[in-house]
Number of protein chains: 2
Amino acid sequence: MNKLGINKLVLIGVGLIGGSLALDLKRAGRVAEVVGIDIDADNLARALERKVIDSAHTGIHAAALAAADVVLIATPVGTLPAICQSLAPLLPAHTIVSDVGSTKQLALQAFAQYLPQHYPQCVAAHPIAGSDRHGALAAQFGLFEGKKCILCPHEAQDSGSLNSVSALWQAAGADLYTLSAAEHDAIFAAVSHLPHLMAYAYVHQIGSADQRQALLHFAGSGFRDFTRIAASHPAIWADICLANRESLQDLLQQQQQQLAFLQQCLQQQDAAALRDYFQAAKAVRDEWQQGQS
Amino acid sequence: MNKLGINKLVLIGVGLIGGSLALDLKRAGRVAEVVGIDIDADNLARALERKVIDSAHTGIHAAALAAADVVLIATPVGTLPAICQSLAPLLPAHTIVSDVGSTKQLALQAFAQYLPQHYPQCVAAHPIAGSDRHGALAAQFGLFEGKKCILCPHEAQDSGSLNSVSALWQAAGADLYTLSAAEHDAIFAAVSHLPHLMAYAYVHQIGSADQRQALLHFAGSGFRDFTRIAASHPAIWADICLANRESLQDLLQQQQQQLAFLQQCLQQQDAAALRDYFQAAKAVRDEWQQGQS
């Protein structure tokens, strides 16, 4: 590593998250060279054009990985095990491996199983900078400025590797937090994955309606905001939901109990119960809002 | 009526919707005098200060209604029957009555039952300009500019009254649409009332969790948009949901079937089914988005 940070960063998956981090690290002078690996050649061409990466490969090859200081995996979480398996025979001994996925127990399992030699140098991270945009064209400077980034150090973590990955995200302006992978997954199942499932479920219902065209015509600003996350990338979110399926199954069941209670209030025409229920929810939402300012 | 529009507008419920319309009509020179009626004296004082209204009453009195050209009822929809009952003995013969509520079958029922003499002059309207803000302080110029406003003429509708109410909303910049009350209620149950119920249900679930504080700490932009409508006024939305309860009970049942299907995909670890489901929802959301620009 040079005094600037790292000489060679290999980015596997050149999309919104990985591409935006590469842009920030280059601008900050924290990385000398970024090698991009992606299965989509068009996406790589756009990334080269926009100088998100300096060179491009459409597969995980020895040449791409030679002398890599950090390999950052920024692909849909379901692809992580196969990518680690491909990396295993090619990784230089000193290389740090990190990811950006939304489910961290799965990431640690993949690291432990497929990269046992490098496991201490594997750092599970999750920057909270969601968007319904994706691909190298979506990469932007400053995406992580003031955003949270969660690190999930594991039982065999090498502290030097953890500090190096921390330094990258700090250079991009992120605020760092530490959680265990289990804590992380339980929290994000509730605050992110469940709302994605619900938004998809709601829009799917609207799309299945006989009067779908009329519904979409009259849908307004409430619909717009409530359904924004239903435009998220289907494959990425299928992976996330499956990786975190146990937490999500519990949460979905709880949600169905909430809806069943509302059904009952409507059936019984219980205005007071509905008002109290809405008021309790509004109080929680207002509390969250106040914590943001 | 004068050539400008109407001499005296009586606004019952001086909040976001009624107050904003009054501001626009005054600025456009379409109304000479606005009388505000509201049960909240503080709210009336703020409305007088901000010149949303010219005079204020805390109840429905003969003096307030004398020579009224239009009475606009802009209160939570559950209050409409009692307000119509109070208006009945006091309304001048020529007065047009209109409302702004989110459920139109209930409005027509209240008009027909409690204002039978005036029923032809009663115009059911619904401006689509939702917000989680409320009260006279939330009133603003231009709220309805380019927004949809739906009129639901009934079987005994006087066309002059319909045209007068249409002219008011057009003066405020709204785009007018006509639907039957039943069509209106079915559409808005799906595109507005159901998402409100779901947003309340989701936030209620988060608020009931043991780790509520950690959840709210890490909730990000997806949570923010998905839950914005859970900050809506509890009493207003309890009224709306009860007034439209039959449609909503069907829709909630359909939503529970959607969630049950997702549960099954997770249980069976069916990645392809999840991806297809999310993809279908995303296509509907993208279609809506394209229709907006």
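Computed from a predicted structure; not experimentally measured. (Residues numbered from 1 in each chain as written. Chains lettered and ligands numbered in written order. Predicted model: local features only at pLDDT ≥ 70, side-chain atom pairs only at ≥ 80, totals over all residues. Heavy atoms only, no water.)

Trainee: Tell me about the environment of Val70 of chain A, and please be specific about residues and values.
Mentor: Residue and element names in this part refer to chain A. Structurally, Val70 is set in strand β4 (residues 70-73). For the pair formed by Val70 and Leu11, sequence separation is 59 residues and the distance between their alpha carbons is 8.4 Å. Other than its neighbours up to four places away in sequence, Val70 contacts Ile6, Lys8, Leu9, Val10, Thr95, Ile96 and Leu168. (Helix = DSSP H or I, 4+ residues; strand = E, 2+ residues; numbered from the N terminus. Contact = heavy atoms within 4.5 Å.)

Trainee: An account of the domain arrangement of chain A is requested, with residue identities and associated values reported.
Mentor: All names here are of chain A. The domain boundaries assigned to chain A delineate domain 1 (6-179) and domain 2 (183-292). For domain 1 and domain 2, the distance between their C-alpha centres works out to 31 Å. Counting from both sides, the interface comprises 16 residues of domain 1 and, opposite them, 15 residues of domain 2. Summed over both partners, the interface of domain 1 with domain 2 buries about 1300 Å², with 67% contributed by carbon and sulfur atoms. (Domains from an automatic or database assignment. Buried area = accessible area lost by both parts, 1.4 Å probe.)

Trainee: Could you give an account of the interface of chain B and chain A, naming the residues involved and the relevant values?
Mentor: Contact with chain B, which involves 86 residues of that partner, is made by 86 residues of chain A. Taking both sides of the interface into account, the surface hidden between chain B and chain A amounts to around 8200 Å²; carbon and sulfur atoms contribute 67%. For the interface between chain B and chain A, the tally reads four salt bridges. Glu287 of chain A is the partner of Arg212 of chain B in a salt bridge, and the nearest nitrogen-oxygen pair spans 2.3 Å. Linking chain B to chain A there are 35 residue pairs in polar contact (both at pLDDT 80 or more). At 19 residues, the largest contribution of residues to the side of chain B that touches chain A is made by helix α7 (residues 181-208) of chain B. Classifying every residue of the side of chain B that touches chain A by side-chain character gives 50 nonpolar, 24 polar and twelve charged. (Salt bridge = Lys/Arg side-chain N within 4 Å of Asp/Glu carboxyl O. Polar contact = N/O pair within 3.5 Å; in protein donor to acceptor, adjacent residues only side chain to side chain. Nonpolar A, V, L, I, M, F, W, Y, C, P; charged D, E, K, R; others polar.)

Trainee: Kindly report on the side chain of Gln157 of chain B, identifying the contributing residues and their values.
Mentor: Residues and elements named next belong to chain B. Note on placement: Gln157 falls in the loop between β7 (148-151) and α6 (159-171). One polar contact links the side chain of Gln157 to the main-chain carbonyl oxygen of Pro120, over a distance of 3.1 Å. Among the polar contacts made by the side chain of Gln157, one reaches the main-chain carbonyl oxygen of Cys122 at a distance of 3.0 Å. With residues near it in sequence (within four places) discarded, Gln157 still touches Pro120, Cys122, Val123, Cys152 and Leu162.

Trainee: I'd love a proper account of the pairing of strand β5 (residues 96-99) of chain A, names of residues and values included.
Mentor: Residues and elements named next belong to chain A. Because side chains alternate across β5, one face comprises the buried residues Ile96 and Ser98, and the other comprises Val97 and Asp99, equally buried. By the bridge criterion, four bridges tie β4 to β5 in an arrangement that is parallel. Bridged to Val70 within β5 is Ile96. Running through helix α4 (residues 80-87), the crossover from β4 to the neighbouring parallel element β5 is right-handed. As for the winding sense of the linkage, the β-α-β connection from β5 through helix α5 (residues 104-114) to strand β6 (residues 122-123) is right-handed. (Buried < 20%, exposed > 50% of the residue type's maximum accessible area, 1.4 Å probe, protein only. Pairing = 2+ DSSP bridges. Right-handed = clockwise from strand over helix to strand, strands pointing away.)

Trainee: A description of the packing of aromatic side chains should follow, citing residues and the corresponding values.
Mentor: Enumeration over the complete set of coordinates arrives at 19 aromatic pairs over all chains. One aromatic cluster in this structure is built from Tyr202, Phe223, Phe226 and Trp288 of chain A together with Tyr202, Phe223, Phe226 and Trp288 of chain B. (Phe/Tyr/Trp six-rings, centres within 6.5 Å; stacked < 30°, edge-to-face > 60°.)

Trainee: Now, about unusual backbone geometry: what can you tell me, with residues and values included?
Mentor: The general pattern is negative phi for most residues beyond glycine and trans for most peptide bonds. Residue and element names in this part refer to chain A. Here the phi dihedral of Lys51 falls at roughly 60 degrees; this positive angle occurs in a residue that is not glycine. For Lys51, the location among the structural elements is in the loop between α2 (41-49) and β3 (55-57). Owing to a relative accessible area of 60%, Lys51 belongs among the exposed residues under this scheme.

Trainee: Explain the sheet that holds β6 of chain A residue by residue, including any values.
Mentor: Residue and element names in this part refer to chain A. If you trace the six strands from one edge of the open sheet to the other, you get β3-β2-β1-β4-β5-β6, paired in parallel fashion. Each edge of the sheet is formed by a strand with only one pairing partner; in this case those strands are β3 and β6. Those strands touched by α4 are β1 (6-12), β4 and β5, and its axis lies near 155 degrees from that of β4. (Axes fitted to C-alpha atoms, helices over the stretch in contact; angles between N-to-C directions.)

Trainee: Please provide a residue-by-residue account of the pattern of salt bridges, values included.
Mentor: Within the structure shown, the criterion is met by twelve salt bridges over all chains. Residues Asp286 of chain A and Lys282 of chain A are paired through a salt bridge, measuring 3.4 Å at the closest nitrogen-oxygen approach. Placement of the pair is Asp286 of chain A and Lys282 of chain A together in helix α12 (residues 271-292), with a separation of four residues, close to one helical turn. The exposure class assigned to Asp286 of chain A is partly exposed, which follows from its relative accessible area of 27%. Here the residues in one salt-bridge network are Arg224 and Asp225 of chain A together with Arg228 of chain B, joined through shared partners.

Trainee: Describe the relation of the copies chain B and chain A, with residues and values.
Mentor: Relating the two copies of this chain is a rotation about some axis coupled with a shift parallel to it. Taken as rigid bodies, chain B and chain A are interconverted by a rotation of 180 degrees and an axial shift of 0.0 Å, the fit giving an RMSD of 0.0 Å. The transformation just described matches what one would write down for a two-fold rotation axis. In terms of C-alpha distance to the rotation axis, chain B has Phe226 of chain B as its closest residue, with the C-alpha 2.1 Å off the axis. Looking at chain B, 100% of its interface residues are interface residues in chain A too, so the copies touch through the same face. (Least-squares fit on C-alpha atoms with pLDDT ≥ 70 in both.)

Trainee: Which residues make up the side chain of Gln258 of chain B, and what values go with them?
Mentor: Take Gln258 of chain B: it is sitting in helix α11 (residues 245-267). Setting aside residues no more than four positions away along its own chain, Gln258 of chain B makes contact with Ala201, His204, Gln205 and Ser208 of chain A together with Tyr277 of chain B.

Trainee: Break down the packing of α4 of chain A against α5 of chain A for me, citing the residues and quoting the values.
Mentor: Residue and element names in this part refer to chain A. Interaxial distance between α4 and α5 falls to 9 Å at its minimum, and their mutual angle equals 25 degrees. Here α4 is positioned roughly parallel relative to α5, judged by the angle of their axes. Judged by the sense of rotation from one axis to the other, the crossing of α4 with α5 is right-handed. Between α4, through Leu80, Pro81, Cys84 and Gln85, and α5, the contact on the second element is made entirely by Ala107, Ala110, Phe111 and Tyr114. (Parallel < 35°, antiparallel > 145°, perpendicular 65-115°, else oblique. Left-handed = near helix turned anticlockwise from the far one by under 90°.)

Trainee: Explain the pairing of β1 of chain A residue by residue, including any values.
Mentor: Residue and element names in this part refer to chain A. Burial of β1 is extensive: six of the seven residues sit out of reach of the surface. Pairing of β1 with strand β2 (residues 31-37), which is carried by six bridges, proceeds in the parallel orientation. The residue of β2 that forms the bridge with Lys8 is Glu33. Crossover connection from β1 via helix α1 (residues 16-27) to parallel β2: handedness right-handed. In this sheet, β4 lies alongside β1 in parallel orientation, the contact comprising four bridges. Within β4, the residue paired with Ile12 across the bridge is Ile73.

Trainee: Which residues make up the sheet that holds strand β9 (residues 175-178) of chain A, and what are the values?
Mentor: Residues and elements named next belong to chain A. Ordered by their spatial adjacency, three strands build an open sheet running β7-β8-β9, and the pairing between neighbours is mixed. In this open sheet, the two edge strands, each paired with only one partner strand, are β7 (125-127) and β9. Across this sheet, the average inter-strand angle for adjacent strands is 20 degrees, counted without regard to direction. Sitting on the sheet, helix α6 (residues 159-171) touches β7, β8 (148-151) and β9, and the angle it makes with β8 is about 170 degrees.

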